[in-house]
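Chain and residue survey
Here's the letter readout for the chains.
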Amino acid sequence: PPGLFLAGGSGRAAEARPRLARSVEVRAAAAALSPNDVTSLDRLAVSLENLGRLLAAQKLSHDTYWALSRGLEIRATILAASPEEAGAKRQLADSRNDLAWFLASHHDAHAEAADESKRLSLDAVELFPEHSGSCNTGGPHCSAAGAHQHADESMLPRHGRTLVGP
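Per-chain numbering applies: the sequence of each chain, read as written, is numbered from 1 onward. With pLDDT at 70 or above as the cut-off, local features in this predicted model cover only qualifying residues; side-chain atom pairs require 80 or more to be listed or tallied, and sums for whole chains, interfaces and linings still use all residues. Just so you know, side-chain values use all the structure's heavy atoms and leave hydrogens and water out.

**Here we look at the overall build of the protein chain**
Counted only if it meets this: The helix count covers DSSP runs of H or I at least four residues long, the strand count covers runs of E at least two residues long, and both are numbered beginning at the N terminus. Each residue gets one of three labels from its accessible area relative to the maximum for its type: buried under 20%, exposed over 50%, partly exposed in between, using a 1.4 Å probe on protein chains only. Residue contacts are counted whenever heavy atoms from the two residues lie within 4.5 Å of one another.
Summing up its helical and strand segments, the protein chain has seven helices and zero strands in all. Looking at the 166 residues of the protein chain, the share that counts as buried comes to 41%. Within the protein chain, contacts between residues at least 6 apart in sequence are counted, and of these 52% link residues at least 24 apart.

Right under this line is the structure:
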């Protein structure tokens, strides 16, 4: 997107941003050359996720959303192309969870972001319920949405305990 890396910053994060941006560009070019190569797509998704985390730390909300949502799209493509790929479900759940967490916690959150965060976290729990990160984000969303029973059930298979309800 235009202006993705124009925002200022200081210290190591500001120095890392151009390197991560270049990594995304190189990996995007490689993935474009081999759109069915799961390894190239995975490397691009990892670069985008790392870039998104860095941008989130710098409070660059729009750019963070772009990087994390693009990584999520690629993870969904990988799972659709290779449903048998080891770890693909968990990685997609991780991406959904990362974007849900960002949307729920960033400084300029609004109602639409909260709704998307809730949807993403519940999707992550449904896709990979045994993943603790999904349950940690999805459980509170379930509880806040009045679906406390679902939040409790998402925690039981792994932890044998329930969330503290409202």
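Still more to cover.
**Digging into the environment of Leu54**
For Leu54, the location among the structural elements is in helix α2 (residues 38-57). Relative accessible area serves as the criterion here: at 14%, Leu54 is assigned to the buried category. Spatially, the C-alpha atom of Leu54 lies 8.0 Å from that of Thr64, the residues being 10 residues apart in sequence.

**Details of α2**
Because the α-helix completes a turn every 3.6 residues, residues three or four places apart line up on one side. We apply this condition: Here a helix's expected span is defined as the number of its residues, less one, multiplied by 1.5 Å. Distance and chemistry together define a polar contact, namely a pair of N or O atoms within 3.5 Å, with one atom able to donate a hydrogen and the other to accept it when in protein, and with adjacent residues in sequence counting only for side-chain atoms on both sides.
An ideal rise of 1.5 Å per residue puts 28 Å on 20 residues; α2 measures up with 29 Å between its terminal C-alpha atoms. Of the residues that open α2, the one with a side-chain oxygen 3.3 Å from the backbone nitrogen of Thr39 is Asp37. Looking one or two places after α2, you find Lys59, whose phi comes out positive at around 60°.

**A word on the nonpolar core**
Short version of the rule: Each nonpolar core is a collection of buried residues, namely Ala, Val, Leu, Ile, Met, Phe, Trp, Tyr and Cys, held together in the definition by side-chain atoms within 4.5 Å.
Grouped together as the largest cluster of nonpolar side chains are 28 residues, with contacts concentrated most on Leu44, Ile74, Ile78, Leu99, Leu103 and Leu120. Of all the elements in the fold, those that place two or more residues in this core are α1 (11-33), α2, α3 (61-81), α4 (88-105) and α5 (111-127).

**Considering the pattern of salt bridges**
Convention followed: Should a side-chain nitrogen of Lys or Arg be within 4 Å of a carboxyl oxygen of Asp or Glu, the pair is scored as a salt bridge.
Enumeration according to the criterion identifies eight salt bridges in this entry. What emerges from the salt-bridge pattern is a single network uniting Asp42, Glu49 and Arg75.

**Concerning the packing of α2 against α3**
Between two packed helices, the angle of one axis relative to the other and the distance separating the axes together describe the packing. Note the threshold: Each axis is a line fitted through C-alpha atoms, and for a helix only the stretch in contact is used; angles between axes span 0 to 180 degrees, taken between their N-to-C directions. Convention used here: angles under 35 degrees read as roughly parallel, angles over 145 as roughly antiparallel, angles from 65 to 115 as roughly perpendicular, and any remaining angle as oblique. Crossings are assigned a handedness: left-handed for a near helix turned anticlockwise from the far helix by less than a right angle, right-handed for a clockwise turn. Polar here means any residue other than Ala, Val, Leu, Ile, Met, Phe, Trp, Tyr, Cys and Pro, which are nonpolar, and Asp, Glu, Lys and Arg, which are charged; Gly is therefore polar.
At their nearest, the axes of α2 and α3 sit 8 Å apart, and the two run at 155° to each other. Compared by their axis directions, α2 and α3 come out roughly antiparallel. In this structure, α2 meets α3 at a crossing whose hand is left-handed. Across the interface between the two elements, Val38, Leu41, Asp42, Leu44, Ala45, Val46, Leu48, Glu49, Leu51, Gly52, Leu55 and Ala56 of α2 pack against Asp63, Thr64, Trp66, Ala67, Leu68, Arg70, Gly71, Ile74, Arg75, Thr77 and Ile78 of α3. Here the residues of the contact of α2 with α3 are counted per class, giving 14 nonpolar, four polar and five charged.

**What to know about the environment of Arg53**
Here Arg53 shows up in helix α2. Relative accessible area serves as the criterion here: at 44%, Arg53 is assigned to the partly exposed category. Expressed as a C-alpha distance, the spacing of Arg53 and Leu68, which sit 15 residues apart in the sequence, is 8.0 Å.

**Here's the deal with the packing of α3 against α4**
Put simply, α3 and α4 touch, their axes get as near as 9 Å, and they point 160° apart. What the angle tells us is that α3 and α4 run roughly antiparallel. Crossing handedness for the pair α3 and α4: left-handed. On α4, the residues that touch Ser61, Thr64, Tyr65, Leu68, Ser69, Gly71, Leu72, Arg75, Ala76, Ile78 and Leu79 of α3 are Ala88, Lys89, Gln91, Leu92, Ser95, Arg96, Asp98, Leu99, Phe102 and Leu103.

**Comments concerning the confidence of the model for the protein chain**
We count it as follows: Scored from 0 to 100, pLDDT reflects the predictor's confidence in each residue.
Mean pLDDT over the protein chain works out to 74, with 67% of the residues at or above the 70 mark. Mean pLDDT in the protein chain bottoms out at helix α7 (residues 148-159), which sits at 42, and peaks at α3, which reaches 92. Taken together, the stretch residues 144-166 has pLDDT below 50 and engages in 36 contacts with residues farther than four places along the chain or on a different chain.

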